[in-house]
Amino acid sequence: SIWLYNSYYVEKADIGLRITSLLSKSIDQEMEFRYDEHLSEEEMVFETSEDTLIDPAQIKAQGNINKDEIKETNMLQQVLEILGQPLQMEVLDSLFQKKLSDAKISGKYTLSYKDSTGSILEEVGDLSFSKRNKAFRSESFLIASGKRIQAIIDIPTSSIFLQMAWLLAGSFLTLLII
């Protein structure tokens, strides 16, 4: 029973890591959609290095930015926001929901978008449980100007056991053989 208890929490932690990874991929994909939809039609010129600060007036004056020249996701997020293309929570919600479904991870979730002080700017998903302490909270990802996004998901015990199905079946067979 100790083994089962430990296996349960190892599997739950693994699901949590996968959720965090899926959120990160969804954020990147949503950012790509905004870039492709609003900025890719024109040639952009913008040079930067890791220690260069982004000047909003300069970016607006130049009008465009070459995505390939921007190394960091956070910087592109900030540039998109400055150019009037902020994070689209509905799109992110759809992408994240699809990725969870493809990964066979079920459960109610909320995507929480907060400002630099931690105040909620916007939430999407099932808002009924987001304040619960026992819900899994993904890593919080920086978007732009101190704003962060985080997934809060209620992972049902049945989901964890479904993910453990082969492990449980193998353990049961081992017990029968012994």
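Each chain has its residues counted from 1, following the order in which its sequence is written. pLDDT decides what is reported in this predicted model: residues at 70 or higher carry local features, side-chain atom pairs at 80 or more are listed and counted, and totals for whole chains, interfaces and linings draw on all residues regardless. Excluding hydrogens and water, the side-chain figures rest on all heavy atoms present in the structure.

Notes on the pairing of strand β4 (residues 141-144)
In summary, the side chains of a regular strand alternate between the two faces of the sheet.
Then comes step 1: As paired strands, β4 and strand β5 (residues 147-154) are joined by three bridges and run antiparallel to one another. Bridging across to β5, Phe141 finds its partner in Ile149. At least two bridges found by DSSP between two strands is the condition for calling them paired. In this description a helix means any DSSP run of H or I spanning at least four residues, a strand means any run of E spanning at least two, and both kinds are numbered starting from the N terminus.

What about the pattern of salt bridges?
Then comes step 1: Basic side-chain nitrogens of Lys or Arg form a salt bridge, by our definition, when they fall within 4 Å of a carboxyl oxygen of Asp or Glu. This model, assessed by the stated rule, comprises four salt bridges.
Then comes step 2: The closest approach of N and O atoms between Glu30 and Arg34, which form a salt bridge, is 2.8 Å. With Glu30 and Arg34 both in helix α1 (residues 2-38) and four residues apart, the pair spans about one turn of that helix.
Then comes step 3: Three exposure classes are used, based on accessible area relative to the maximum for each residue type with a 1.4 Å probe and protein chains only: buried under 20%, partly exposed in between, and exposed over 50%. For Glu30, a relative accessible area of 0% puts it in the buried group.
Then comes step 4: Since its relative accessible area comes to 1%, Arg34 is described here as buried.

Side note on the confidence of the model for the protein chain
Then comes step 1: Values of pLDDT, which run from 0 to 100, indicate the predictor's confidence residue by residue. Here the protein chain averages 79 in pLDDT, while 76% of its residues score no lower than 70.
Then comes step 2: Of all helices and strands in the protein chain, the one with the weakest mean pLDDT is helix α2 (residues 56-62) (48), whereas helix α4 (residues 89-102) scores best (96).
Then comes step 3: The contact criterion used is simple: two residues touch if any of their non-hydrogen atoms lie within 4.5 Å. The low-confidence segment residues 41-57 (pLDDT under 50) makes 28 contacts with residues lying over four places distant or belonging to another chain.

Structural notes on the environment of Ser106
Then comes step 1: Following the sequence through the fold, Ser106 ends up in the loop between α4 and β1 (108-114).
Then comes step 2: Ignoring any residue separated from it by four or fewer positions in sequence, one finds Ser106 in contact with Asp154, Ile155, Pro156 and Ser159.

Description of the environment of Arg148
Then comes step 1: Among the secondary structure elements, Arg148 is positioned in strand β5.
Then comes step 2: Residues Arg148 and Gly118, spaced 30 residues apart in sequence, show a C-alpha to C-alpha distance of 8.4 Å.
Then comes step 3: Contacts of Arg148, omitting those with residues within four sequence positions, involve Ser112, Tyr113, Lys114, Ser140, Phe141, Leu142 and Ile143.

Details of the pairing of strand β2 (residues 120-125)
Then comes step 1: Sheet topology places β1 next to β2; five bridges connect them, and they run antiparallel. Among the inter-strand pairings, Leu111 is bridged to a residue of β2, identified as Val124.
Then comes step 2: Counted along the chain from β1 to the antiparallel partner β2, the turn is five residues long, and its residue Gly118 has a positive phi close to 95°.

Description of the nonpolar core
Burial of nonpolar side chains together is a common tendency in soluble globular proteins.
Then comes step 1: Grouping buried Ala, Val, Leu, Ile, Met, Phe, Trp, Tyr and Cys residues that are joined through side-chain atoms within 4.5 Å yields what is termed a nonpolar core. Grouped together as the largest cluster of nonpolar side chains are 25 residues, with contacts concentrated most on Ile19, Met89, Phe96, Leu100, Leu111 and Ile149.
Then comes step 2: Looking at this core, the elements with two or more residues in it are α1, α4, β1, β4 and β5.
Then comes step 3: The element contributing the most residues to this core is α1, with six residues.

Some points on the packing of aromatic side chains
Then comes step 1: Here is the rule: rings of Phe, Tyr and Trp (six-membered ring for Trp) pair when centre to centre is within 6.5 Å. Planes less than 30 degrees apart are stacked, more than 60 are edge-to-face, and the remainder are tilted. Scanning all chains against the criterion turns up three aromatic pairs.
Then comes step 2: Plain terms: the ring middles of Tyr8 and Tyr9 are 5.0 Å apart, the flat faces sit at 85° to each other, and that makes the pair edge-to-face.
Then comes step 3: Centre to centre, the rings of Phe96 and Tyr109 are 5.2 Å apart; their planes meet at 85°, and the pair counts as edge-to-face. Here the residue Phe96 occupies a position in helix α4, and Tyr109 occupies one in strand β1, the gap between them amounting to 13 residues.
Then comes step 4: Of the residues examined, Phe96 reaches a relative accessible area of 0% and is grouped as buried.
Then comes step 5: Pairwise contacts between aromatic rings join Tyr5, Tyr8 and Tyr9 into one cluster.

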